[in-house]
Amino acid sequence: MPDLLETAAEPNRRRLLQLLARGEQSVTELASNFPVSRSAISQHLLLLAGVGLVRARKDGRNRYYSLDSGGMRRLRESLDIFWTDELDSLVAEATALQHPNLKENPDDH
């Protein structure tokens, strides 16, 4: 299964998520916001649906997409974890640079 963050990070897919935050839209409506083909937008939407970030419903010949609240919650949790881990790493690196003789385990002194 594709990675949630990796899937959402692609610029066209990020833009699709932003557009869908306004509400449900058809593929045709969404594609009108991009310089690429409707088919390319459909492929991006399929990837977003595959990781659970959007939902699709069919009405006649049209397919409508909307954000999946559960998937968006998982994306936010993933981003929170990512940034918490990254900030912890940056703090540890900054501390190590400021105190090069300080060992990570104070019991080792």
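Residues numbered from 1 in each chain as written. Predicted model: local features only at pLDDT ≥ 70, side-chain atom pairs only at ≥ 80, totals over all residues. Heavy atoms only, no water.

## Some points on the pattern of salt bridges
Between side chains of opposite charge, a pair can form as their charged atoms come close. Applied cut-off: In what follows, salt bridge is the name for a side-chain nitrogen of Lys or Arg lying within 4 Å of a carboxyl oxygen of Asp or Glu. Helix numbers and strand numbers start at the N terminus; a helix is a DSSP run of H or I with at least 4 residues, a strand a run of E with at least 2.
This model, assessed by the stated rule, comprises two salt bridges. E24 is the partner of R57 in a salt bridge, and the nearest nitrogen-oxygen pair spans 2.8 Å. With a gap of 33 residues between them, R57 in strand β2 (residues 54–59) and E24 in the loop between α2 (11–20) and β1 (25–26) connect regions that are remote in the sequence. The shortest N-O distance in the salt bridge between D68 and R55 comes to 3.1 Å. Here D68 is found in the loop between β3 (62–67) and α5 (69–98), whereas its partner R55 is found in strand β2, with 13 residues between them in sequence.

## Focus: the sheet that holds β1
Going by this rule: DSSP calls a pair of strands paired once it identifies at least 2 bridges connecting them.
Pairing is antiparallel across the open sheet formed by three strands, whose spatial order is β1-β3-β2. On the outer flanks of this sheet lie β1 and β2, each paired with one strand and no other.

## So, the nonpolar core
Stated formally: By nonpolar core we mean a set of buried residues, namely Ala, Val, Leu, Ile, Met, Phe, Trp, Tyr and Cys, connected to one another through side-chain atoms within 4.5 Å. Residue exposure (1.4 Å probe, protein chains only): buried if accessible area is under 20% of the type maximum, exposed if over 50%, otherwise partly exposed.
In this structure, L16, L30, I41, L45, L48, L53 and Y65 are the most contacted members of the largest nonpolar core, which totals 18 residues. Taken together, the elements giving at least two residues each to this core come down to α1 (4–9), α2, α3 (27–31) and α4 (38–50).

## Quick word on the pairing of β2
Direction of pairing for β2 relative to β3: antiparallel, over a ladder of six bridges. Bridging across to β3, R57 finds its partner in Y64. Hairpin connection from β2 to β3: two residues lie between these consecutive antiparallel strands, with G60 at a positive phi of about 65°.

## Let's talk about a negative patch on the surface
Just so we agree on the cut-off: Patch membership requires over 30% relative accessible area and the absence of a salt bridge. Like charges are linked within 9 Å, and nonpolar side chains (Val, Leu, Ile, Met, Phe, Trp, Tyr) within 5 Å. Areas reported as accessible are Shrake-Rupley estimates using a 1.4 Å probe. Residue values count occlusion only from the protein chains shown. Only four residue types enter the tally: Lys and Arg on the positive side, Asp and Glu on the negative side, with His and both chain ends excluded. For charged residues, the charge sits on one atom: NZ in Lys, CZ in Arg, CG in Asp, CD in Glu.
Where like charges cluster on the molecular surface, the negative patch consists of D85, E86, D88 and E93. By the element assignment, E93 lies in helix α5.

## Considering a nonpolar patch on the surface
On the surface, L79, F82, W83, L87 and L90 cluster together into a nonpolar patch covering about 500 Å² of accessible area. Mapped onto the secondary structure, F82 falls in helix α5. Here F82 falls in the partly exposed class, since its relative accessible area comes to 35%.

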